[in-house]
Amino acid sequence: MNKNYYAILMAGGVGSRFWPVSTTEFPKQFHDMLGSGETLIQKTFSRLAKLIPAENILILTNERYNDLVLEQLPMVKPEQVLLEPAMRNTAPCILYASLKIQKQNPEAVMVVAPSDHWIEDENAFVANLQQCFDFCQKENALMTLGIQPTFPNTGFGYIEFDKSDGNRIKRVNQFREKPDYETAKSFLEQGNFLWNGGIFIWSVKSVTEAFEKFQPQMNALFQKGMESYNTTSEKQFINENYALAENISIDYAVMEKATNVYVLPATFDWNDLGTWGQLHEKLTKDENNNGVINAKVVIENASNNIIRSDADKLIVVDGLHDYIIVDKEGVLLIYPKSKEQEIKRITALANEL
């Protein structure tokens, strides 16, 4: 294990499109969403630990999830869990974690990875990550792992790389916002566009220099805490100052401004498990394309449904097609898959009851 390898595991999201399973109190990264026997954060941690020393994996999360993290990852020490006292998007928490790592090991290279994505071929992921680490140790580079698009998805941002670059690792021309369907189709036809999966790799030197250059105000705020990082006074500094940081993503804050940005087209399969429909894609299904998680079922004249229950309950389905059926602790959701993007709105209505 290379002691210079670090990871920042992003575990602060709520996953509101997976209601009623994912809630503010217990978000999707802490659930076994696919019935695999491990929660998403456990899967992600073990995948990263194939290459990165377990003690060098920091978990960034909201204060309210501290106990959940420590319960699900018993190998993690409390000081590896970085608690955000306020929601401020991805740039402030990445800068905070990077400065902590820099103080501990100025030679560090790191990966920033979401805790709630699904990657089947973990060996291919580790091989890709190793390529990125090797590159970032030699070059002043901000890197991302780009996902090969399989259809014109309008729900992801895209990375446009230099078509003329014959190297395995490509120079990035620009990041593109979530497109409409026709634009997404043209991206796929051009052949030099990848999905932005939110996985970033860089040396601690490169990323802290980028923050200094492109986010001087935020950088100055967090630099004030350098003496306190990795000491008993760190928590007090973060509690007093974190909320003063701008609410901005790492993409807007740094990646879209920098010119030393590179992408490695990933060779592993990837699913961000953003919706019930995307979860359905990854499940083992019956001959009528019904996917079942943790439920005893009798299914007749029904197809293309996703059915989930946490209770020891028999679920009988007849005559339903393309539905999300979820039974969880006082909530029964029977909802058309075609309207799954509205579940976020329904969640808000349900919370008012």
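Let us look at the structure shown here. (Residues numbered from 1 in each chain as written. Predicted model: local features only at pLDDT ≥ 70, side-chain atom pairs only at ≥ 80, totals over all residues. Heavy atoms only, no water.)

### Some points on the overall build of the protein
We count it as follows: The secondary structure listing takes helices from DSSP runs of H or I that are at least 4 residues long and strands from runs of E that are at least 2 residues long, numbered from the N terminus. Radius of gyration: over C-alpha atoms. The globule rule applied is 2.2 Å multiplied by the number of residues raised to the 0.38 power. Residue burial is assigned from relative accessible area. The probe radius is 1.4 Å, only protein chains are included, and a residue is buried under 20% of its type maximum, exposed over 50%, and partly exposed in between. Contact between two residues is taken to exist if any of their heavy atoms lie within 4.5 Å; hydrogens are not considered.
A count of helical and extended segments in the protein gives eleven helices and 15 strands. Taken over C-alpha atoms, the radius of gyration comes to 21 Å for the protein, in line with the 20 Å a tight globule of 353 residues would show. A principal-axis box enclosing the C-alpha atoms of the protein has dimensions of 60 × 50 × 40 Å. Burial status across the protein gives 56% buried among its 353 residues. The long-range fraction of contacts in the protein, counting pairs at least 24 apart against all pairs at least 6 apart in sequence, stands at 66%.

### Considering the nonpolar core
The criterion, for reference: Here the nonpolar core consists of buried residues drawn from Ala, Val, Leu, Ile, Met, Phe, Trp, Tyr and Cys, with membership extended through side-chain atoms lying within 4.5 Å.
Judged by nonpolar contacts, the single largest core of 49 residues is most densely connected at I52, V111, M143, I201 and F268. Counting residues per element, this core draws most heavily on helix α4 (residues 122–138), at eight residues. In contact with M143, not counting residues within four places along its chain, are C132, F135, C136, I169, I199, F200, I201, W202, M255, Y262, V263 and L264.

### Things to note about the environment of S164
So the rule is basically this: Definition of a polar contact: a pair of N or O atoms within 3.5 Å, with one able to donate and the other able to accept a hydrogen when the atoms are protein atoms, and with sequence-neighbouring residues admitted only if both atoms are side-chain atoms.
The residue S164 is located in the loop between β6 (158–161) and β7 (170–176) in this model. For S164 and N192, which are 28 residues apart along the polypeptide, the C-alpha to C-alpha distance reads 9.6 Å. Reaching out from S164, the side chain makes a polar contact with the side chain of D162 at a distance of 2.7 Å.

### Overview of the sheet that holds strand β10 (residues 291–293)
Selection rule: Strands pair, by our definition, only if DSSP identifies at least two bridges between them. Lines fitted to the C-alpha atoms define the axes, with helices restricted to the stretch that makes contact. Angles between their N-to-C directions range from 0 to 180 degrees.
Pairing is mixed across the open sheet formed by four strands, whose spatial order is β10-β12-β14-β15. Bordering the open sheet on either side are β10 and β15 (331–336), each of which pairs with just one other strand. On average, each strand axis in the sheet is inclined to that of its neighbour by 5°, with strand direction left out of account. In this structure, β10 lies alongside strand β12 (residues 306–309), joined through three bridges in parallel fashion. Across the sheet, the residue bridging to V292 is I307, located in β12.

### Section: the pattern of salt bridges
Note the threshold: We count a salt bridge whenever a side-chain nitrogen from Lys or Arg sits within 4 Å of a carboxyl oxygen from Asp or Glu.
Evaluation of the coordinates by the stated rule reveals 13 salt bridges. Note that K282 is salt-bridged to E120, the shortest N-O span being 4.0 Å. Note that K282 is positioned in helix α10 (residues 276–282) and E120 in the loop between β4 (109–114) and α4, a separation of 162 residues in sequence. On the accessibility criterion, K282 (27% relative accessible area) is partly exposed. The shortest N-O distance in the salt bridge between E209 and K205 comes to 2.9 Å. Of this pair, E209 and K205 both sit in helix α6 (residues 204–214), four residues apart, which is roughly one turn of the helix. Three or more residues are tied together by salt bridges with common partners; here these are R47, K50 and E122.

### Some thoughts on a nonpolar patch on the surface
Rules: Exposure above 30% relative accessible area and no salt bridge define the residues that can form patches, which grow by joining like charges within 9 Å and nonpolar side chains of Val, Leu, Ile, Met, Phe, Trp and Tyr within 5 Å. All accessibility values rest on the Shrake-Rupley procedure with a 1.4 Å probe; residue burial counts only the protein chains present in the view.
On the surface, a cluster of nonpolar side chains totalling about 270 Å² of accessible area is made up of V298, L314 and V316. As for its position among the elements, V316 is in strand β13 (residues 314–318). Judged by relative accessible area, V316 falls into the exposed class, the value being 58%.

### Brief notes about the packing of helix α3 (residues 90–104) against α6
The line we're drawing: Any angle that is under 35 degrees is reported as roughly parallel, and any over 145 degrees as roughly antiparallel; angles of 65 to 115 degrees are reported as roughly perpendicular and all others as oblique. A clockwise turn of the near helix away from the far one marks a right-handed crossing, whereas an anticlockwise turn of less than a right angle marks a left-handed crossing. Side-chain classes follow a simple rule in which Ala, Val, Leu, Ile, Met, Phe, Trp, Tyr, Cys and Pro form the nonpolar group, Asp, Glu, Lys and Arg form the charged group, and the remainder, Gly included, forms the polar group.
Where α3 contacts α6, the two axes come as close as 10 Å, and the packing angle between them is 130°. As far as their axial angle goes, α6 and α3 are oblique. For the pair α3 and α6, the sense of crossing is left-handed. Of the residues in α6, those touching α3 at A91, I94, L95, S98, L99, I101 and Q102 are V204, V207, T208 and F211. When the residues that make up the contact of α3 with α6 are grouped by side-chain class, the tally is eight nonpolar, three polar and no charged.

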